[in-house]
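# An overview of the molecular structure
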Amino acid sequence: MWQQIEESLRDSMGRVFTKIATLLPGILAFVLVLLIFLVIAWLAAMLARMVLNAVKFDERTNAGSNTLTEWAPRQTPTILVTRIVFWSFVVIGVLVGVSTFEAASAESGISAYVFSYLPRVIGAVVLLFLGTVIGRFLSRSVLISAVNLNLQYARLLATGVRWLVFVLTAAMVLDHLAIGGEIVDLAFGILFGGIVLALALAVGLGSRDLVSRSLEKEANRPIEIPVEEKLHHF
Amino acid sequence: MPKSDLEEETLSETQHTGPVDLLIGIAGAVNAGELQQQVQQLQGYQGSHVVVAYPGASEVEAALPAESAFRLMPYSLPAADRSLLPWAIASTAQRTICAMAVEMGAKVCLSLHSDLATLDTRHLELFLQAIAEKGCDLVLPVYPSRKFEGLLNHSILAPLTRALYGQRVRFPLTPDFGCSAQMAARLSDSSPHHAAGDGALLWPSIQAALSNYQVCQLRLDIQHATQTEGLELSTILSSLVGSAFSEMETSAAYWQRIRASHPTATFGDMGQQWNDGEPVDTKPLIDSFLLGSRNLQEVWSLVLPPVTLLELKKMSRVDPASFRMPDEVWVRIVYDFALAYRLRTMNRGHLMGALAPLYLGWVASYAGEVAGLSPMGAEQRLEQLAKAYEENKPYLVSRWRWPDRFNP
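Everything numeric here is computed off the predicted structure, so don't read it as measured data. (Residues numbered from 1 in each chain as written. Chains lettered and ligands numbered in written order. Predicted model: local features only at pLDDT ≥ 70, side-chain atom pairs only at ≥ 80, totals over all residues. Heavy atoms only, no water.)

Residue and element names in this part refer to chain B. Pairing is mixed across the open sheet formed by eight strands, whose spatial order is β3-β2-β1-β4-β6-β5-β7-β8. Two strands bound the open sheet, and with one partner strand each, they are β3 (70-75) and β8 (265-267). Sheet twist, expressed as the average angle between the axes of neighbouring strands with direction ignored, equals 20 degrees. Here strand β7 (residues 215-219) runs beside β8; their pairing, made up of three bridges, is parallel. Along β8, the bridge assignment pairs Leu218 with Phe267. (Pairing = 2+ DSSP bridges. Helix = DSSP H or I, 4+ residues; strand = E, 2+ residues; numbered from the N terminus. Axes fitted to C-alpha atoms, helices over the stretch in contact; angles between N-to-C directions.)

Right, dumping it as structure tokens:
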């Protein structure tokens, strides 16, 4: 009995080592390809930066009023372009690496699966980037406008807008990646609908008296004689 | 000679005017009948070959007598965006007037506000004397001072221009000005990178400084009203201060070499001293500043150095009655925002919006300080502020040259 267990374990270990031995050339090939592409990516990014600096790309792009830096202000256009070049080569390296892995390890179907899923990943990354940038931009817009309108709850409003955009982005990203299926749609619908309903109830029930009083006041307000402004900015 | 930006119709009109001694351009929409009346009152003016250009159709021209030295001439403005602010439209018109003066070969060019308050014989003669007899290339008006008017000009535009370009000009962005032929040529060609009618402001005093032309000032006893009702302060700041910052960017090589300002020759009698009545209530202004201070710290921290943030924090804790913004703090705030505008630290609309509560803080501080002073006393206070701009210019130059290294 003990001998049979030992034999069976040895067989299993043997199979594991055989599998690793089969995969090892593939993994090595993947790592090697990735390293080569990392070097290429680094060289390409450096070349791109040199070329862009030589043609004064930052100055040229900043000459216009609505540039990319208006939306992602902490990065210069040159840095953004060089990063895009770098990561493009890294992604290409991963894809080539997966193909090499498949060719070297006799594991079929991996690259087909990765390649078919890749457009979704790229789309999700783009969505995430845009969502983050738009969320931050809108949040800051709302915050500054609300402060200039003397709204006491300016920060709350800005935070609300930011999280609304982030939640919407997260739902879109998950939907795009086909993760969670119907649950994400449903959860987002409930969350979004819940917020709107809560606001409607707050205005309709909680602030009913306030709204009616303010409407009444507006209707009965006498015609105001404009008071001359004492301060003139321009 | 650069290709003229004038509309085709206006260009053909200017080519048939014959010799012109003086071109008077009305920089904005004007009532044709009112203009005609005003021009008829100028008949006592001892000059020859005067063209009065106004934006619009040509229905007025026939009404003037044939022997008149004056000729009314309509001109068309480049199609401008309807959302442009009044001063942006006026700047487009001023640029067109200068281009017309160049095309006509006018010896002197006057660009006047569309309310026609400046269009009388006395003012014309004052402008002409300054240009023809005193050799000024650019004559800018000095309007009567009122304590609580033109605050944006007094707090940012005028002292900033003075510190940067070395010219002590009271109103660098003005609805009226007079200029010589060579100055008109410079002004008509001053913004080659801007499309016609895009709302870029015209800064005659800066252009004169860049060309080393002689600038003079003329005291005028008139007041113009600018319609700013319904405009948000951040929009006004974006347009005016944003434009001043933009000019800073394009002329950085020039202003970094200027070390001190020099007085500008000023002619004309001291105007009437206007009474500003009761002191203003500064509480809403301080409240706006405090609201900004509570909510915009993260935005301000991207623009302002820690020392300034600390000063602002201290100011937000003092009693409203003793609320004061030291000149040095305000000047450095303006300089830091100018730098952030140049570096695009954040969206420029956001940047100007974030400046609004700080500006209101300065207004509150200034209103509190000058409440008990005469208009002359308030002027002295503003002179003190202008000196602070000059004294802190090395700070701006250092930050401009080494924005990352120099951050106190």
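Residue and element names in this part refer to chain A. Judged by side-chain polarity, Met13, Val16, Phe17, Ile20, Leu24, Ile27, Leu28, Val31, Leu35 and Leu38 come together as a nonpolar surface patch covering roughly 900 Å² of accessible area. Locating Phe17 in the fold gives a position in helix α1 (residues 2-54). Judged by its relative accessible area of 52%, Phe17 falls in the exposed class. (Patch = residues over 30% accessible without salt bridge, like charges linked within 9 Å, V, L, I, M, F, W, Y side chains within 5 Å. Areas by Shrake-Rupley, 256 points an atom, 1.4 Å probe, with all protein chains shown as cover. Salt bridge = Lys/Arg side-chain N within 4 Å of Asp/Glu carboxyl O. Buried < 20%, exposed > 50% of the residue type's maximum accessible area, 1.4 Å probe, protein only.)

On to the pairing of strand β1 (residues 22-26) of chain B. Residue and element names in this part refer to chain B. Most of β1 is tucked away, with five of its five residues classed as buried. Residues Leu22, Ile24 and Ile26 line one face of β1 and the alternating positions Leu23 and Gly25 line the opposite face, and both faces are buried. Pairing of β1 with strand β2 (residues 50-55) involves four bridges; the strand directions are parallel. Pairing of Gly25 across the sheet is with Ala53, part of β2. When β1 meets strand β4 (residues 108-112), the two strands line up parallel, connected through five bridges. By the bridge assignment, Gly25 is partnered in β4 with Ser111.

With that settled, the discussion passes to the packing of helix α12 (residues 306-315) of chain B against helix α13 (residues 327-343) of chain B. Residues and elements named next belong to chain B. Direction vectors running N to C along α12 and α13 enclose 130 degrees, while the axes themselves pass 11 Å from each other. As far as their axial angle goes, α13 and α12 are oblique. By crossing handedness, the relation of α12 to α13 is classed as left-handed. Two secondary-structure elements touch here, α12 through Thr308, Glu311 and Leu312 and α13 through Val329, Ile333 and Asp336. Considered class by class, the residues forming the contact of α12 with α13 number three nonpolar, one polar and two charged. (Parallel < 35°, antiparallel > 145°, perpendicular 65-115°, else oblique. Left-handed = near helix turned anticlockwise from the far one by under 90°. Contact = heavy atoms within 4.5 Å. Nonpolar A, V, L, I, M, F, W, Y, C, P; charged D, E, K, R; others polar.)

The next point concerns the environment of Trp400 of chain B. Residues and elements named next belong to chain B. One can find Trp400 in helix α16 (residues 393-401). Separated by 60 residues in the primary sequence, Trp400 and Ala340 place their C-alpha atoms 9.6 Å from one another. In contact with Trp400, other than residues within four places in its own chain, are Met248, Glu249, Ala252, Trp255, Gln256, Ala338, Leu339 and Arg342.

Okay, unusual backbone geometry next. Phi is positive for Asn150 of chain A, which is not a glycine, with a value near 60 degrees. Judged by its relative accessible area of 39%, Asn150 of chain A falls in the partly exposed class. Positioned with a positive phi, Leu116 of chain B is a non-glycine residue whose angle comes to about 65 degrees. With respect to the helices and strands, Leu116 of chain B occurs in the loop between β4 and α4 (121-133). Owing to a relative accessible area of 2%, Leu116 of chain B belongs among the buried residues under this scheme.

On to the pairing of β3 of chain B, then. Residue and element names in this part refer to chain B. Of all the six residues making up β3, five are buried; the element is thus mostly covered by neighbouring parts of the structure. Where β2 and β3 come together, six bridges link them in parallel fashion. In the sheet register, Val52 faces β3, and the bridge partner there is Leu72.

On to the pattern of salt bridges. All names here are of chain B. What the rule picks out here adds up to 13 salt bridges over all chains. We note a salt bridge from Arg162 to Glu390, for which the minimum N-O separation is 2.6 Å. With Arg162 in helix α5 (residues 151-165) and Glu390 in helix α15 (residues 375-391), the pair connects residues that are 228 residues apart, well separated along the chain. The two residues Arg162 and Glu390 agree in class, both being buried. What you see here is one network of salt bridges that share partners, running through Arg162, Glu383 and Glu390.

What follows concerns the state of the cysteines. Residue and element names in this part refer to chain B. If you walk through the whole model with that rule in mind, you get one disulfide over all chains. Two residues, Cys136 and Cys216, share a disulfide whose sulfurs are 1.9 Å apart. Looking down the S-S bond of the Cys136 and Cys216 bridge, the torsion is -85 degrees, so its handedness is left-handed. Placement of the pair is Cys136 in the loop between α4 and β5 (138-142) and Cys216 in strand β7, with a sequence separation of 80 residues. No difference in accessibility class separates Cys136 from Cys216, as the two residues are buried. Summary of cysteine pairing: Cys109 is not part of a disulfide, and the nearest cysteine sulfur, belonging to Cys179, is at 4.3 Å. Classification of Cys179 as buried rests on a relative accessible area of 0%. (Disulfide = S-S within 2.5 Å.)

All names here are of chain B. Structurally, Arg381 can be placed in helix α15. A relative accessible area of 11% means that Arg381 is categorised as buried. Not counting the four nearest positions on each side in its chain, Arg381 is found in contact with Asp327, Tyr366, Glu369 and Val370.

Time to look at helix α2 (residues 32-40) of chain B. Residues and elements named next belong to chain B. Buried residues of α2: Ala32, Leu35, Gln38 and Val39, and no others. Angular distribution of buried residues about the axis of α2 spans 125 degrees; they occupy a single face of the element. As for α2, its buried residues are in contact with β1, β2 and β3. (Arc of directions from axis to C-beta.)

Confidence along chain A averages 80 in pLDDT terms, with 80% of residues attaining 70 or more. Across chain A, the element-wise mean pLDDT spans from 52 in helix α3 (residues 68-71) of chain A up to 89 in α1 of chain A. (pLDDT = per-residue confidence, 0-100.)

The next thing to look at is α1 of chain A. All names here are of chain A. Taking 1.5 Å per residue, 53 residues should reach 78 Å; α1 reaches 75 Å between its end C-alpha atoms and fits that length. If you look at α1, its biggest bend is around 35 degrees, right at Leu23, and the proline Pro25 turns up within four residues after that. Restricting attention to buried positions, one finds in α1 the residues Gly26, Ala29, Val33, Phe37, Ala41, Ala44, Ala45, Ala48 and Leu52. At the exit of α1 stands Lys56, carrying a positive phi of roughly 55 degrees. (Expected span 1.5 Å × (residues − 1). Bend = angle between axes of the 7 residues up to and from the residue.)

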